[in-house]
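Descriptive analysis of the structure
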Amino acid sequence: MRQFKTESKKLLDLMINSIYTNKEIFLRELISNASDAVDKLNFKSLSDGSVQLDGEDLAIRVSFDKDARTLTISDNGIGMTAEELEKNLGTIAHSGSQEFKAENAESQGDAVDIIGQFGVGFYSAFMVAKHVRVVSRAYGSDEANVWESDGLDGYTIEPGERFGHGTDIILTMRDNEPGENGEPGENYDRYLSEWGIKDLIRRYSNYVRYPIQMMVTKSRQKPKPEDAGDDYTPEYEDYQELETVNSMTPIWKKRKDDVEQSDYNEFYKSTFHDYEDPARTVSFHAEGTLEYDALLFVPGRAPFDLYSRDYEKGLALYSSNVLIMDKCAELLPDYYNFVRGVVDSADVSLNISRETLQHDRQLRAIARRVEKKITSELEDMRDNDRETYETFFENFGRGLKYGIYSSYGSKADELADLLLFWSAREKKMVTLREYAEAMPEGQKAIYYAAGDDRDRLSKMPVVTGVLARGYDVLLLTADVDEFTFQSMREYVARDMPKVYEDEAAREAAAKAVEDGAEPEVEDRHLELKNVATGDLDLATEDEKKDAEEATKENGDLFEAMRGALGDKVEKVTVSSRLVAEGDAPACITTEGPLSLEMEKVLKQGPEGDMEGLPKSQRVLELNAKHPVFAKLVAAQKDGDDERVKLYAGLLYDQALLVEGILPEDPVAFAASVCELM
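Summary of the structure given here. (Residues numbered from 1 in each chain as written. Predicted model: local features only at pLDDT ≥ 70, side-chain atom pairs only at ≥ 80, totals over all residues. Heavy atoms only, no water.)

1. Details of helix α7 (residues 361–384)
In this model α7 runs 34 Å from its N-terminal to its C-terminal C-alpha over 24 residues, within 8% of the 34 Å that 1.5 Å per residue would give. Among all positions in α7, only Gln362, Leu363, Ile366, Ala367, Val370, Glu371, Ile374, Thr375, Glu377, Leu378, Met381 and Arg382 are buried. (Helix = DSSP H or I, 4+ residues; strand = E, 2+ residues; numbered from the N terminus. Expected span 1.5 Å × (residues − 1). Buried < 20%, exposed > 50% of the residue type's maximum accessible area, 1.4 Å probe, protein only.)

Quick look at the structure:
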């Protein structure tokens, strides 16, 4: 017996128990090695005129014997001599494929695509096999040799027999192992069943470029006997037939002109287990320093677990048509976690087990290109298929908003123009760009209101007051909306028609356009303003003057109401939002970064009942033109402190109700209404 080199026992034990985390990938590794062997012979036939080869005969054969507990992977590739068996299999981590690739780097071109480059894939067989036998005959040789090992101490190489060139790898599978502590044991029988083997081939090696064949059991109807009567019942029999299990040519490597959309739809539904066609299909090929193919799908509906903790994002990653990772999370940003698809690249650096990627620049470069492509496709859908895009946004818009929020606004440039919000004036979904384009001249901010119900928001005094001044208001109804806007702080509307400060400049620009010049454009930085927070600075000079006078005249009243409400409000003041007799008598606004809606969302969260949760700084704004204000002033002048206190509480609670917030003491509120009646 020959001993393994490079401290074989320790290295082999490490490889079997640590490098590979999923035992079932052993078949992928062995089929990849077989594909490499066929590739080498195919390349030899292209570069050496003396090698006559029929490319249609090149194949990989998989068979099993359940009684003998053996699984065999055969190829008719280039094969190995005794010396090559010693060199490639006697030294763990020596890679014949890597060596071949280096020797033929200049001449191989696209004729050969070597998969295995690390020299340890073969030894994954020992994860499932207690004995491995390799029978190989090199192309052009009359002799075959047999390499055998139990994976423990060493191996033997002896002369053997094989018809034709190529290699057979015969695995004697381990016995099933019982489970421990209630956990299921290891079932090696699944590697000795037709359905189990076919499932592994189709999952991991479906797109290997050579046919992977195996005998499969089929059923057929027996011929009807000539003397059968009218009551004859058809009989069936099982038979064996050689079948190509893999599809070989992946759909993502076909030219787009050669593939129907229905083919893409069927691939998507069967691969990603969806019953609806995708909303968008993106297929592209990248060339240059990094070459890869990508096939991406935007689903037509959100999966039920999209926003659950257990949802896994990622694209299927292939290397030379061999599945490396079912879901490579590094290829997608979180806000595009709904995208499904495939990336296939022979240039991505893999680690020794091929199960985990090196976090290198190639992977990052692919991820950046994929992200840009998705963004471009979504923009095209938004501009040219609005109905489909609005359905998409209803399903996945939350993730785009969260992408801006979680990045503290740094992703706003990439994502802001993909967002949709309900326009109170237009009564439809609009983009921020569309809002900016429809603004009247002189408007310098985007106004919005946040709440949980669109209809209620549209009727709120703070919203109707802004609408009455000719400005649109975006109605935000998702819990992440206002947090997203707070992270953005502003929206930059790129390449907007330039606004000129004076008439002369405006006329000069118009004349230049008439003479053939391109219209001047500029980037407008528009602040995002909540209509229920701070001073919107929308009041006219007369309205500001009236508010100042009312504040001075009724300072005592405001102080009394502030005292009656205690720490519920920061202050009581005259409103610059409510300026007409027909407006509401009062409204609640806030100062500082935390609005009423944000406070409500925080309270509904998992830590909502904790002490120390931040609270909004509330302001009770009064409509000085409303008849109720006159009643307040009269009660204050009469020295009726109880009446002022009653009015203050009622106005505050009814303003909260308008905001969709219940009074802190509903019983006291009802009693106050009864007393007033």
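2. Here's the deal with the packing of aromatic side chains
One pass over the full model with this rule turns up 28 aromatic pairs. Pairwise contacts between aromatic rings join Tyr207, Trp252, Phe267, Tyr268, Phe272, Phe297 and Tyr318 into one cluster. Between the NZ or CZ atom of Arg220 and the centre of the ring of Tyr239, over which it lies, the distance is 4.1 Å. One cation-aromatic arrangement involves Arg454 over Trp422; the distance from NZ or CZ to the ring centre is 3.8 Å. (Phe/Tyr/Trp six-rings, centres within 6.5 Å; stacked < 30°, edge-to-face > 60°. Lys NZ or Arg CZ within 6 Å of the ring centre and 35° of its normal.)

3. So, unusual backbone geometry
Unlike most non-glycine residues, Lys427 shows phi in positive territory, near 55 degrees. Mapped onto the secondary structure, Lys427 falls in the loop between β15 (421–423) and β16 (428–430). A positive phi angle, near 55 degrees, is found at Asp495, a position not held by glycine. Secondary-structure assignment places Asp495 in strand β19 (residues 490–497).

4. What about the environment of Glu161?
Examined against the element boundaries, Glu161 turns out to sit in the loop between β6 (154–160) and β7 (166–173). Residues Glu161 and Val135, spaced 26 residues apart in sequence, show a C-alpha to C-alpha distance of 7.7 Å. Once you skip the residues sitting within four places of it in the chain, Glu161 turns out to touch Val135 and Ala144. (Contact = heavy atoms within 4.5 Å.)

5. Some thoughts on the sheet that holds strand β23 (residues 617–622)
Backbone-to-backbone hydrogen bonds join strands into a sheet, with any given pair of strands oriented parallel or antiparallel. Strand order across the open sheet formed by 3 strands is β21-β23-β22, with mixed pairing between neighbours. If you trace the sheet from one side to the other, it starts and ends with β21 (571–574) and β22 (586–591), each paired once. When the angles between neighbouring strand axes are averaged without regard to direction, this sheet yields 35 degrees. As judged from the 6 bridges shared by β22 and β23, these two strands associate in the antiparallel manner. Opposite Thr589, over in β23, you have Val619 as the bridge partner. (Pairing = 2+ DSSP bridges. Axes fitted to C-alpha atoms, helices over the stretch in contact; angles between N-to-C directions.)

6. Regarding empty space enclosed by the protein
With a probe scaled to a water molecule rolled over the atoms, the places where space remains empty come into view. For the structure on display, the rule yields 4 cavities of 30 Å³ or more. Considered as a void within the structure, the largest cavity measures approximately 120 Å³ in volume. As for the largest cavity, its lining consists of 17 residues, and the residues nearest its centre are Ala450, Ala532, Leu596, Glu597 and Glu659. Elements that contribute at least two residues to the lining of the largest cavity include exactly β17 (445–450), α11 (454–459) and α17 (596–604). For the lining of the largest cavity, the element with the highest residue contribution is α17, accounting for 3 residues. (1 Å grid on protein atoms, 1.4 Å probe; cavity = no way out; pocket = protein on both sides within 12 Å on 5 of 7 lines; lining within 4 Å. Points joined across faces, edges and corners; volume = space filled by probe spheres on them.)

7. Side note on the pairing of β17
Along β17, 6 of the 6 residues are buried, which leaves the element largely enclosed by surrounding structure. The alternating pattern of β17 places Ala445, Tyr447 and Ala449 on one face and Ile446, Tyr448 and Ala450 on the opposite face, and all of these are buried. Relative to strand β20 (residues 521–530), β17 runs parallel, the two sharing 4 bridges. Within β20, the residue paired with Tyr447 across the bridge is Lys529. In the sheet, β17 pairs with strand β18 (residues 473–476) via 4 bridges, with the strands oriented parallel. Pairing of Ala450 across the sheet is with Leu476, part of β18.

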